[in-house]
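Analysis of the macromolecular model
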Amino acid sequence: MLLDKTLLDNTIFIVDDDENILNSLVVFFDLLGFKTRSFSSAVDYLKQLDDTQGCLVCDISMPDMTGMDLLSELNKVAHLRPTVFITGVSTVKMAVEAMKLGAADFIEKPVSTDVLLDRVMGAIDNFKPSLVAVNDYKTLTPKECEVFDLIIKGVTNHDIAQQLCSSISTVEKHRASVMKKMNVDSLALLITTLPKLKPLGSALACNA
Amino acid sequence: MQRLIKQALSLVLLISLHALAGHAEYIDHVKLALQWKHQFQFAGYYMAKEKGFYQAQNIEVEISEVNLEHTPTELLLKGKVEFATSGIEALKLRSEDEPLVSLYAISRNSPLVLLVKKSSNIKTAADLRNKRISMAQADQFIISSMLKRAGLSTQDYIHQAPDFSMDDLINDRTDAVAAYQSNEGFWLKKQGIEYRYISPDDYGLGIYSDLLVTTEKELEQHPIRVSKFRQASLEGWKYAFSHVDETIDVILKKYNTQNKSREHLQFEAREMAKLVQPLKVEMGSMRQEFWQQILRTFTQSGYISKSVNLRDFVYEDAATEKKLVLTPSQKKWLLEHPSIRLGVDPGFYPIEYKDNRGEYLGISADVVKLLSQQLGVSMQPVSGISWSEVINQAQSNTLDVLPAIAKTKARQQYLLYSKPYMQNNMVIVTTKNHPMIRTKSMVNGRMVYSLESLHGKKVAVTKDYPAYQRLADQKDPIELLVKPTTLASLQAVISGEANAAVVFLDAATALLNSHQMTQLRIDDNAFKEPSHIYFAVRKDWPELVEIINMALDVVGPSEINRIQRKWRATPVVLGVQKKEVALYLGILMTVIIFIVLWLYFLKKAKTKIELQNKANISRLISQSRHVVMGEMIAILTHQWKQPLTAMMLSVGTVKTKLRSMKISATDAQFLNTQMEKTETMMSDQNQLLADFRDFFHPDKQKELFAVCANINSVLEVLQGLIVRHHIKINTSIPPGLEIVGYARELRHVMINLIQNSIDQIAETKVSNPTISIHTTAHKNSLDIVLEDNAGGIDKSIIETIFEPYVSTKSLNGTGLGLYMSKKIIQDNFQGDIRVVNTRYGAKFTIKIPLEGGHNHG
């Protein structure tokens, strides 16, 4: 099977406490040409966080730390990957909780490789706008970040200038720069980038 | 009158006896040096004296508070006093080879803390960088360990000599003072100065303190006096903590050299109570592990540079704990034999074995480790020799101990045996497809084991294992095939060289797993009586046998059980199967194992239930069975989902791989078909699991569905079987016919019924086999009718066909299919299902009442 080159730039991060499933998943994604990294516990995954682009494929019921716990931990830090849960015991309640935590998908075990690949590709695809927004956001200077934070809270230029102890014209300049860097031309559009920046966790000033 | 005389006489007698006793008994005078001035910190000793606990032990104690010339430990080492109180510095002294012994520890946390003013902005130890710290020499040890943990070396702060009051701190001549949490804080509080303390405990330096120490010499010369003094002092401590007010009265009256107020002593008592060991722990007791941890901490921080033998430093009172108590001659013997050579079997997994790096591991290796710690001797296996060589060398006393050995008559000639420490039976292993060897049979309802079945057969045994001798001793001839290892014995059975092998159960289980010898079967115990594993000692060392027996007692069976569990649960790591072939094999094997397990479970459930079924099936029993089954299914579905997931993923991977493999189109087609079949089988299994689970735990929703599509999907699933048996299927169902209900359940019922017909057809081998399915809509109900021409159902069971565990099939039926079908139709569709025999075969009619929401198309 030939997959799109850019898709294969993604590393698949696999977390499952069942060694057999972990192995099977690794072999499968390896074969397709993905880079893979496997973790036998959520804690291990947390310990080795970096900013490699990819997708997290994670079991839910695991000892020590469940997939849900992992996701809520990840929500506190910058975690630039979509999360696809695969679970043996699935209930509606669990699925709702996973989605609330921001999971990209929720699959019931057992799962065929076709379905799995489909869902993972979908998750990566849907995550793209987030990545773009995050990369845009990262180009902001610290000052611009502050301005960004205040703009989206609806603070006027006048008040921003007061809060940041600068002149209105400086704030206006920053504001224009923020708009340009975030590729938007109105406040309304700027606010739509906000949910996409959620993966930044506490690195996003207004989340902290 | 006579009575009076008698009483007087007995009184005189009593008095004289007391006087005699008083004269005869010698009163021991000992001195106790305290590490500080009199205060609540030493309450236990005052109370032991006050309440006569010492006196009861014929000890008279002189308690002296600290003097400025000598520390208590100095006095102790100089022989000026017999006992002293001490902080953790006793451990450091011990590491410097001072012969100190710690008798008990009252506190489990360091009472020593750094006091800082609350106004100072110093909140953690790290905040003390470049600050002035005032502390005494003895305190430096623990305080600087704490500072080091906070990242501060001795250069990072200014060390000041203490003024033994709080004046320096109060007047800001210093920033922090090392002080007793239970004492000095009070002065500050009194003067209205807010303070906080930085405790070593917060930096992982939980330590024992308020120790009672003595010297090795004292312990050697007066072991009983030491034990008595210790006991009496502990009694004093217990009394002091349970009678705080009375204790404070005593201190105020007799020991108040510091002129402390009652309030101050009360403060001290409260603070001290926080430091003592938790209530559940016996007052004063010390754990080796905690001492070890303390030692590690201080070794890491560099304050202790030499190793300390904690067994010498930590006193163990033989009377209170289950500890190894050796006689002097036994101790002497151990000293003379500091290193013991072990003869071990390098391939007796998991009992004992050597891994790739030659490390000695296994259950017995762990037990050896414990014994070695208990006895303080080194026990190391002699490397590079096989088990046969071990047996040979054991006879010439070049090996001292064999830690895992079974008992045989021959071996008892040249070895001494300890008591057994674990059971490990010998079992007969045969292949699954040659069940000619049956060692187990029922005689008069009793299980009988017999080796008879082995007569005239070739049996593989391991060289120099006890099975050899025992089988050779059999009356009837058994042809023995001697193999060097257990693995080789098992392989001989696989290759057909031998009909069976007699090996140790643990070893067989482990090897069968690790080498995936799925064709082998562990039949049963080879011998009636259980086999045990012992320590064996060379013949000329009877002393050691006794010592090992005592040590095994101290280790205790529960600990050995724990070790066994650990090793038996250790999963065997398999090599990674990179090659496709291995992958295919792996997948097929797991599928087979899965199916075998499944069938096994069903069979087992059936036999179990059949046994219970002898009596009339009452509704009650079948209900409770229902519950049990439900629980079992719930557990099993969860357990089997995991491997099923792994299998499905593996099969998917193989399919993906096939697309890129350079093989001929026909081969690819063939493999693909096989893989797809496997996938279908697995998803059916999954569906079955789900259905079972749903059936027993109904948690589902009704939906509107088309009956025709529903039944067609069933036929699709069964297509393979239908084609194989050349069955003609006639269906007549209006495509628009929809009903409200549980689609999956109906599907399940239809699978059951059709499968049933197919099986019947396969059994009766009718010509022109036909199954026809049609629906008839009535005013208020819908009939789904299924007919076959397979000859019908046996008259003897047709009445009971829907009862549980009644099967139409001669061999493979579970007897649950039709029962479950009926249950589903009754419970979930409020309908009914009936069966009659027609001229040609069976006719099943499912009647489903129709309510609102349905739609006749």
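Residues numbered from 1 in each chain as written. Chains lettered and ligands numbered in written order. Predicted model: local features only at pLDDT ≥ 70, side-chain atom pairs only at ≥ 80, totals over all residues. Heavy atoms only, no water.

Here we take up the overall build of chain B. Helices and strands together make up the secondary structure of chain B, namely 31 helices and 33 strands. Residue burial in chain B is summarised as follows: out of 857 residues, 49% are buried. Taking the contacts inside chain B whose residues are at least 6 apart along the sequence as the reference set, 76% of them involve residues at least 24 apart. Per element, the accessible surface of chain B, about 43300 Å² overall, is 53% carbon and sulfur. (Helix = DSSP H or I, 4+ residues; strand = E, 2+ residues; numbered from the N terminus. Buried < 20%, exposed > 50% of the residue type's maximum accessible area, 1.4 Å probe, protein only. Contact = heavy atoms within 4.5 Å. Areas by Shrake-Rupley, 256 points an atom, 1.4 Å probe, with all protein chains shown as cover.)

All names here are of chain B. Ranked by internal contacts, the top residues of the largest apolar core, which has 71 residues, are Leu371, Leu402, Tyr421, Val502, Phe535 and Leu544. No other element matches helix H22 (residues 542–555), which puts eight residues into this core. Composition of this core by domain shows at least three residues from each of domain 3 (328–422 + 534–569) and domain 4 (425–530). Listed in part, the 46 residues of the second largest apolar core include Ala105, Met135, Met286 and Trp291. (Core = buried A, V, L, I, M, F, W, Y, C linked by side-chain atoms within 4.5 Å. Domains from an automatic or database assignment.)

Okay, unusual backbone geometry next. Across the junction of lysine 109 of chain A and proline 110 of chain A, the peptide omega takes the value -10°, indicating a cis bond. Backbone geometry at asparagine 397 of chain B places phi at a positive 60°, although glycine is not the residue there. Here asparagine 397 of chain B is to be found in the loop between helix H17 (387–395) and strand E16 (401–405). According to the relative accessible area criterion, asparagine 397 of chain B is partly exposed, its value standing at 24%. The residue lysine 765 of chain B is not glycine, and still its phi comes out positive at about 50°. The topology assignment puts lysine 765 of chain B in the loop between helix H29 (743–764) and strand E30 (770–777). Using a relative accessible area of 67% as the deciding quantity, one classes lysine 765 of chain B as exposed.

Moving on to the confidence of the model for chain B. Close inspection of predicted coordinates is inappropriate for parts of the model with low pLDDT. Residue and element names in this part refer to chain B. When pLDDT is averaged along chain B, the result is 78, and 82% of the positions lie at 70 or above. Counted against residues more than four places away or in other chains, residues 8–25, with its pLDDT under 50, gives one contact. Overall, residues 853–857 carries pLDDT values under 50, and its contacts beyond four positions in sequence, including any with other chains, amount to 14 contacts. (pLDDT = per-residue confidence, 0-100.)

To continue, consider the interface of chain A and chain B. The interface of chain A with chain B comprises 21 residues on the first partner and 16 residues on the second. For the chain A and chain B pair, buried surface summed over both sides reaches about 1700 Å², with 65% attributable to carbon and sulfur atoms. The tally of links from chain A across to chain B stands at zero salt bridges. Our count for the contact surface shared by chain A and chain B stands at four residue pairs in polar contact (both at pLDDT 80 or more). Among the secondary structure elements, those contributing two or more residues to the side of chain A that touches chain B are helix H2 (19–32) and helix H6 (113–138) of chain A. Tallying contributions element by element places H2 of chain A first for the side of chain A that touches chain B, with eight residues. (Buried area = accessible area lost by both parts, 1.4 Å probe. Salt bridge = Lys/Arg side-chain N within 4 Å of Asp/Glu carboxyl O. Polar contact = N/O pair within 3.5 Å; in protein donor to acceptor, adjacent residues only side chain to side chain.)

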